[in-house]
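Chain residues, written in single-letter form:
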Amino acid sequence: MRTRLAALALSGLAVLSVTSVAAGPATAQDNDRTAGAAAAGAARGHDELVVVGHRGASGYRPEHTLASYELAARMGADYIEPDLVTTKDGVLVARHEPEIGGTTDVAQRPEFADRRTTKVLDGEEVTGWFAEDFTLAELKTLRAKERIPDLRPNNTIYDGRYQIPTLQEIIDLSRRLSWQLHRRIGIYPETKHPTYFREQGLPLEPALVRTLNRNGLNHRHAKVYVQSFEVSNLEQLEHELRVPLVQLIGGSGAPYDFVAKGDPRTYDDLVTRAGLAEIARYADGIGPDKNRVIPRDEDGNLGEPTNLVADAHRFRLQVHPYTFRAENAFLPANLRSSADPAAWGDIFAEYEAFRAAGIDGVFADHPDIAVAAREER
Ligand code: G3P
Ligand code: CA
């Protein structure tokens, strides 16, 4: 197991039998990275919630734009979260999925009409325009638009105003804002569909490692987390990165790399104690669908917490669930303010329940509310 067991022993918190976990000597790199995660925790205070601006401040601006990230930082987010895909020429850019028709004006660009195509993404047919079929120069001619205009109509006034940002531009922004705001703004990049991009001959990981190295961000004091819904790319990155890694855990289904190689394990298996022990060998935290922390009952109301947070903490895994959104459409039934899906409900009550469940951080579309909830407590 990675350093986390060494850290357990050192901290006097070794309260769980982990004899079933294959233990091995910690490497220097292991110690380096765990120290980094611990330092990040210490820096924010032991019970201080980490606020991640999910796709920036996507409740207020079209997601994954520099404007969205900047607003998140100015609202108090500790980290800004770019989801990463790649261009045809191998440049990492921020989009939630390879298909870019849902969040850009590409469909209105006649010069790109012939790029519309159908591909198989993680076993599903998807039709549209794909980031990896465009050079960076071509992508830069597009403009972002709001993904969910019915729920976030105010955001549509920004449609057509912002470019698709590169990871490098996001790092540059985080540096500028850190200087302006007198506090470090971290980045929390996610590798999107790693198996898919590898199959396209455009793997994300080498470019990510290169970019972090080039920017001096691959060390234990860097304010960086790297996350993935797949497992094997994190296992590989564990050997190349010193920053904390976070295993994302879907509400259902299985990591697509498992599916692709015929591994029958699912996300349900990853949240068992044995699964968490495995994750702790290569990662420093988990990012579960929030329903795995507090499921909803049969009426759609917020139910009772599971043991996931306690189990994860036994393996020194931080827990950063996703995604917290203020609109009724995303809230448990008992916290909605009305039948209007776009109106905001009692997200403060949701935050309170999740904080009581012991989580360490949140992915928030409205980072200002997450920060306000943190300050209230
Ligand atoms: O990365 C945490 C959360 O963002 C995962 O969900 O689909 O919004 O990337 P998604
Ligand atoms: Ca994400």
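Residues numbered from 1 in each chain as written. Chains lettered and ligands numbered in written order. Predicted model: local features only at pLDDT ≥ 70, side-chain atom pairs only at ≥ 80, totals over all residues. Heavy atoms only, no water.

### As for the pairing of strand β3 (residues 83–86)
Moving on, step 1. Residues Asp83 and Val85 line one face of β3 and the alternating positions Leu84 and Thr86 line the opposite face, and both faces are buried.
Moving on, step 2. Sheet topology places β3 next to strand β8 (residues 190–191); two bridges connect them, and they run parallel. Bridging across to β8, Asp83 finds its partner in Glu190.
Moving on, step 3. Bridge count for β3 against strand β4 (residues 92–94) is three bridges, and the pairing is antiparallel. For Thr86, the partnering residue across the bridge sits in β4 and is Leu92.
Moving on, step 4. Connecting the antiparallel pair β3 and β4 is a turn made up of five residues, with Gly90 showing a positive phi of about 80°. (Buried < 20%, exposed > 50% of the residue type's maximum accessible area, 1.4 Å probe, protein only. Helix = DSSP H or I, 4+ residues; strand = E, 2+ residues; numbered from the N terminus. Pairing = 2+ DSSP bridges.)

### Quick word on the sheet that holds strand β13 (residues 361–364)
Moving on, step 1. Here four strands make up an open sheet; going across it, the order is β7-β2-β1-β13 and the pairing parallel. Strands with a single pairing partner mark the edges of an open sheet, and in this sheet they are β7 (186–187) and β13.
Moving on, step 2. Of the pairings in the sheet, the one linking strand β1 (residues 50–54) to strand β2 (residues 79–81) comprises three bridges and is parallel in character. Across the sheet, residue His54 finds its bridge partner in β2, namely Glu81.
Moving on, step 3. Seen against the sheet, helix α14 (residues 367–376) touches β1 and β13 and runs at an angle of roughly 170° to β1. (Contact = heavy atoms within 4.5 Å. Axes fitted to C-alpha atoms, helices over the stretch in contact; angles between N-to-C directions.)

### Focus on the pattern of salt bridges
Moving on, step 1. By the definition in use, this model includes 23 salt bridges.
Moving on, step 2. The residue Arg147 makes a salt bridge to Glu97 at a minimum N-O spacing of 2.7 Å. Of this pair, Arg147 sits in the loop between α4 (136–139) and α5 (167–181) while Glu97 sits in the loop between β4 and β5 (117–121); the two residues are 50 residues apart in sequence, bridging distant segments of the chain.
Moving on, step 3. We classify Glu97 as buried; its relative accessible area is 17%.
Moving on, step 4. For Lys119, the salt bridge is made with Asp133, and the minimal N-O distance between the two is 3.1 Å. With Lys119 in strand β5 and Asp133 in the loop between β6 (124–128) and α4, this pair connects stretches of sequence that are 14 residues apart.
Moving on, step 5. Accessibility expressed as a relative area gives 15% for Lys119, which makes it buried.
Moving on, step 6. Residue Asp133 is classed as partly exposed on the basis of its relative accessible area, which comes to 21%.
Moving on, step 7. Via salt bridges that share partners, Arg55, Glu63, Glu97 and Arg147 belong to a single interconnected network. (Salt bridge = Lys/Arg side-chain N within 4 Å of Asp/Glu carboxyl O.)

### A word on the packing of aromatic side chains
Moving on, step 1. Enumeration according to the criterion identifies twelve aromatic pairs in this entry.
Moving on, step 2. Arranged with centres 5.0 Å apart and planes meeting at 90°, the rings of Phe324 and Phe354 form a pair that is edge-to-face. Within this pair, whereas Phe324 is found in the loop between β12 (318–319) and α13 (347–356), its partner Phe354 is found in helix α13, the two being separated by 30 residues in sequence.
Moving on, step 3. An aromatic cluster is built from Tyr79, Tyr188, Tyr225 and Phe363, whose rings are joined through pairwise contacts.
Moving on, step 4. Here Lys223 stacks its cationic end above the ring of Tyr79, 5.3 Å away from the centre of that ring.
Moving on, step 5. Over the face of the ring belonging to Phe324 we find Lys290, whose NZ or CZ atom lies 4.8 Å from the ring centre. (Phe/Tyr/Trp six-rings, centres within 6.5 Å; stacked < 30°, edge-to-face > 60°. Lys NZ or Arg CZ within 6 Å of the ring centre and 35° of its normal.)

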